[in-house]
Amino acid sequence: MLRMSTLFLRTLREDPSDAEVPSHKLLVRAGYIRRVAPGVFTWLPLGYAVYRNVEHIVRSEMNAAGFQEVHFPALLPREPYELTNRWTEYGDTLFRLQDRKGADYLLGPTHEEMFTLLVKGEYSSYKDLPISLYQIQSKFRDEARPRAGILRGREFVMKDSYSFDIDDAGLQISYDKHRQAYIATFARLGLEFVIVSAMSGAMGGSASEEFLAPTPVGEDTFVRCPSCAYAANVEAVTTVAPLSINASGVPATHKERTPASGTIEALVSYSNRDFTREDRPWSAADTLKNVIFMVDGPDGSQSALAIGVPGDREIDMKRLEALLQPSEARPFEDADFVKFPSLVKGYIGPNELGAQSASGIRYLVDPRVVDGSRWITGADEAAHHFYDFVAGRDFTADGIIDVAEVRAGDACPNCGAGFEIERGIEIGHIFQLGRKYAEAVGLKVLDEHGELITVTMGSYGIGVSRAVAAIAEQSHDDKGLIWPREVAPADVHLIAAGKDEALFMAAERLGSELESVGVRVLYDDRTSVSPGVKFNDSELIGIPTIVIVGKRLADGFVEVKNRRTGERRDIALEDVVNEMRILNER
RNA sequence: CGGGGUGUAGCGUAGUGGCUAGCGCGUCUGCUUUGGGAGCAGAAGACCGCAGGUUCGAGUCCUGUCACCCCGACCA
């Protein structure tokens, strides 16, 4: 029985000034966590109890799925990460350190290399596979900007699993088992979640899905179709290309002088004044905006890339980066323009783009730029635009790229309905890694023909510490936290409300009885604290059931309050233990 | 790393260049109080982020520096 009189706990009446999101504010105010350094937190007794409950649920579901737990060090040598090139590729996000001899070490940001090497060291036959191993470990990432308290720290706990199979079919089975285990885990954690596609096909088609907990403070944006099951991270949304259009009636293209048309908006209004089209007014979606990027490859190479999108949409850098990985893109700067004299900044058009053009810059367009679509676009001359510039007739791009911003109402690729946009916290990620790491470290086994084959892998993560914050984020009100029972630090928050000694004795006895039948109790046995303080603390702390031993005790009753609904009931003292036990069994 | 902001007691904060840096919460002592963050009386607790400078005088002005927070780019 946890006793408030001795519990290491100090609740705060005011929000900490450095906290922004509800989970951070409440976890600090309720005395669950304290900050040690940016993105680094200490778990206090109540917080650690919740954390351990979450960890326990994760572990038990992993074990139930037949995965085996191992535990790597957090402190790792450099060499394994050299094999996969991640010692350098990981960049500044990697915490590096040296031992006294000057040898390089790192604090593990994720453990693909270690798991792969471990299996390589032990197994060498197809008969040993499949196998799935996992660990629950502190991970370290020197994030450029930790934020939102526990939601995005530099030290955090992650459950990471890796599956090892001899072929794609086996990998699919391992992947599906993890998917099922994750569904069971998050359901038990009391989290509302959505499974979204996380990668576009352009990356090579390996399956990857994210488990997102919808909340306004989530860092991931995803789309969800209200009329079918489709859900995807914005990075993975595929745009439905319209059918090609018959452009036989479109006038021949013509170049016009368009002064003061520096912005799309200005161009559209100018066009509607001086170059009206026959059927309807021009809109921003009729302009073709061409943006040039410099793409830095992982090997240090640089190449320019031109992207054409309808003028009513921006290019979504996240989508672009996701598609280009591991290369990185940045908008063209003046210094880059100097190298391409045929480009007129602000008036770049398809004529000067593409492999065949003078610039030679690869030119990719949005899927909406179908054959027969009719555009206003740059004429590669200051203050001039082409009108009635038709795709397939007047220009041809080198290919399609789907990186324009995604908007609510855009068509679902599955059923065509307009989808909705929401935000969510990434609480889990399952991913068919394939043979990348196995190849890098040489993980091969003999198959039934005695041939060496490279193992194929899956990698699966759950943010354990993050899940605590995600639950807090989804489950609180203006008074405080509201824990789902299975993760709550106790089942019952027992309050002695009053000063009568008999009342404390009755509460004490009730607490013991509850504990004896397996009900976890947090007992507010403080004698010098007024009932109001106790009530407020109980609501802040967020244990699902609050039992008040107070003024109704004289009639043989205690009050039982549901933290979530606020519903209160008077229950006869002798029935409480039974009631609580039933409640606990659900 | 780009942009914005803030550093005053454990927490939240006030402080036109001028006396001993103020208030609330929390903490301690005593008395009172006990169904919605109690009252009275007293007490402890601050190198005003750090380093320079201007000035008779700096929490306040200037320069530098560090730290932290927020918005972006990056991620469980």
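Just so you know, these numbers come straight off a predicted model, no measurement behind them.

About the cut-offs
Residues numbered from 1 in each chain as written. Chains lettered and ligands numbered in written order. Predicted model: local features only at pLDDT ≥ 70, side-chain atom pairs only at ≥ 80, totals over all residues. Heavy atoms only, no water. Helix = DSSP H or I, 4+ residues; strand = E, 2+ residues; numbered from the N terminus. Contact = heavy atoms within 4.5 Å. Lys, Arg positive; Asp, Glu negative; His and termini not counted. Charge placed at Lys NZ, Arg CZ, Asp CG, Glu CD. Phe/Tyr/Trp six-rings, centres within 6.5 Å; stacked < 30°, edge-to-face > 60°. Buried < 20%, exposed > 50% of the residue type's maximum accessible area, 1.4 Å probe, protein only. Near = heavy atom within 4 Å. Polar contact = N/O pair within 3.5 Å; in protein donor to acceptor, adjacent residues only side chain to side chain. Nonpolar A, V, L, I, M, F, W, Y, C, P; charged D, E, K, R; others polar. Pairing = 2+ DSSP bridges. Axes fitted to C-alpha atoms, helices over the stretch in contact; angles between N-to-C directions. 1 Å grid on protein atoms, 1.4 Å probe; cavity = no way out; pocket = protein on both sides within 12 Å on 5 of 7 lines; lining within 4 Å. Points joined across faces, edges and corners; volume = space filled by probe spheres on them. Domains from an automatic or database assignment. Salt bridge = Lys/Arg side-chain N within 4 Å of Asp/Glu carboxyl O. Patch = residues over 30% accessible without salt bridge, like charges linked within 9 Å, V, L, I, M, F, W, Y side chains within 5 Å. Areas by Shrake-Rupley, 256 points an atom, 1.4 Å probe, with all protein chains shown as cover. Expected span 1.5 Å × (residues − 1). Core = buried A, V, L, I, M, F, W, Y, C linked by side-chain atoms within 4.5 Å.

### Topic: the overall build of chain A
Link 1 in the chain: Across its full length, chain A holds 14 helices and 32 strands.
Link 2 in the chain: Structurally, chain A occupies a C-alpha span of about 95 × 70 × 45 Å along its principal axes.
Link 3 in the chain: Within chain A, counting contacts between residues at least 6 apart in sequence, those at least 24 apart form 68% of the total.
Link 4 in the chain: Charge-centre separation for chain A: the mean point of 65 positive side chains lies 5 Å from the mean point of 87 negative side chains.

### Observations concerning the packing of aromatic side chains
Link 1 in the chain: Under the criterion given, the structure shown has 12 aromatic pairs.
Link 2 in the chain: Both rings, one in Tyr-182 and one in Phe-211, keep their centres 5.4 Å apart while their planes meet at 55°; by these two values the pair is tilted. Taken together, the positions of Tyr-182 in helix α6 (residues 168–188) and Phe-211 in strand β11 (residues 208–214) put the pair 29 residues apart, joining distant regions of the chain. For the pair Tyr-182 and Phe-211, a shared accessibility class is recorded, and that class is buried.
Link 3 in the chain: The interplanar angle of 40° and the centroid separation of 5.9 Å between the aromatic rings of Phe-193 and Phe-211 together place this pair among those described as tilted.

### Considering the protein's contact with RNA strand B
Link 1 in the chain: Near RNA strand B you find 49 residues, and of these Arg-13, Arg-145, Glu-426, Glu-539 and Arg-568 are the closest.
Link 2 in the chain: Among the atoms of RNA strand B lying within 4 Å of the protein, the sugar-phosphate backbone contributes 51%.
Link 3 in the chain: Within the side chain of Arg-29, one N or O atom sits 3.3 Å away from a base oxygen of RNA strand B.
Link 4 in the chain: A distance of 2.8 Å separates a base nitrogen of RNA strand B from a polar atom in the backbone of Gly-153.
Link 5 in the chain: Of all the secondary structure elements, the ones that give two or more residues to the surface near RNA strand B are β9 (155–165), α8 (317–324), β22 (420–434), α13 (531–541) and β31 (557–562).
Link 6 in the chain: Here the surface near RNA strand B gets seven residues from one element, more than from any other, and that element is α13.
Link 7 in the chain: Considered class by class, the residues forming the surface near RNA strand B number 14 nonpolar, 11 polar and 24 charged.

### Digging into the sheet that holds strand β5 (residues 75–77)
Link 1 in the chain: Taken in spatial order, the three strands of this open sheet run β5-β7-β6, and their pairing is antiparallel. Two strands bound the open sheet, and with one partner strand each, they are β5 and β6 (95–98). Neighbour-to-neighbour, the strand axes of the sheet open up by a mean angle of 35°, direction not taken into account.
Link 2 in the chain: Inspection of the sheet shows β5 paired to strand β7 (residues 104–107) by three bridges, in the antiparallel sense. Among the inter-strand pairings, Leu-76 is bridged to a residue of β7, identified as Leu-106.

### Details of the layout of surface pockets
Link 1 in the chain: Of the pockets and cavities examined, the second largest pocket occupies roughly 450 Å³.
Link 2 in the chain: Together, 16 residues line the second largest pocket, and Thr-11, Leu-12, Val-533, Asn-536 and Asp-537 are the ones closest to its centre.
Link 3 in the chain: Ranked by the residues each element gives to the lining of the second largest pocket, the list is headed by α13, at five residues.
Link 4 in the chain: When grouped by side-chain class, the residues that make up the lining of the second largest pocket number six nonpolar, three polar and seven charged.
Link 5 in the chain: Both domains that furnish three or more residues to the lining of the second largest pocket are identified here as domain 1 (2–237 + 421–473) and domain 3 (492–585).

### Digging into the pattern of salt bridges
Link 1 in the chain: Per the counting criterion, the structure on display carries 37 salt bridges.
Link 2 in the chain: Among the charged side chains, a network of salt bridges with common partners joins Arg-3, Glu-508 and Asp-525.

### Quick look at unusual backbone geometry
Link 1 in the chain: A cis geometry characterises the amide bond from Leu-129 onward to Pro-130, with omega recorded as 5°.
Link 2 in the chain: Here the phi dihedral of Ala-148 falls at roughly 60°; this positive angle occurs in a residue that is not glycine.
Link 3 in the chain: If you trace the backbone, Ala-148 turns up in the loop between β8 (131–140) and β9.
Link 4 in the chain: By relative accessible area, Ala-148 is classed as partly exposed at 21%.

### Regarding a positive patch on the surface
Link 1 in the chain: A cluster of basic residues, Arg-145, Arg-147, Lys-318 and Arg-423, forms a positive patch at the surface.
Link 2 in the chain: With respect to the secondary-structure elements, Arg-423 resides in strand β22.
Link 3 in the chain: Its relative accessible area of 38% is what places Arg-423 among the partly exposed residues.

### Concerning helix α2 (residues 45–64)
Link 1 in the chain: Look at α2: 28 Å from first C-alpha to last across 20 residues, which is about the 28 Å you get at 1.5 Å a residue.
Link 2 in the chain: Turning to α2, its buried residues are Leu-46, Gly-47, Ala-49, Val-50, Tyr-51, Asn-53, Val-54, Glu-55, Ile-57, Val-58, Glu-61 and Met-62.

### Some details on the nonpolar core
Link 1 in the chain: If you look at the biggest cluster of nonpolar residues, it comprises 53 residues, and the most contacted ones within it are Tyr-32, Val-54, Leu-189 and Trp-483.
Link 2 in the chain: Both domains that meet at this core, namely domain 1 (2–237 + 421–473) and domain 3 (492–585), each give it at least three residues.
Link 3 in the chain: Those residues in contact with Trp-483 that lie beyond four places of it in its chain are Leu-27, Tyr-32, Val-50, Val-468, Ile-471, Ala-472, Ala-488, Pro-489, Ile-541, Gly-542, Pro-544 and Arg-564.
Link 4 in the chain: The next biggest cluster of nonpolar side chains, apart from the first, holds 23 residues, and it includes Trp-87, Val-441, Leu-443 and Met-457.

### Considerations on the domain arrangement of chain A
Link 1 in the chain: One can read the domain layout of chain A as domain 1 (2–237 + 421–473), domain 2 (254–400) and domain 3 (492–585).
Link 2 in the chain: With centres defined by C-alpha atoms, the gap from domain 2 to domain 3 works out at 68 Å.

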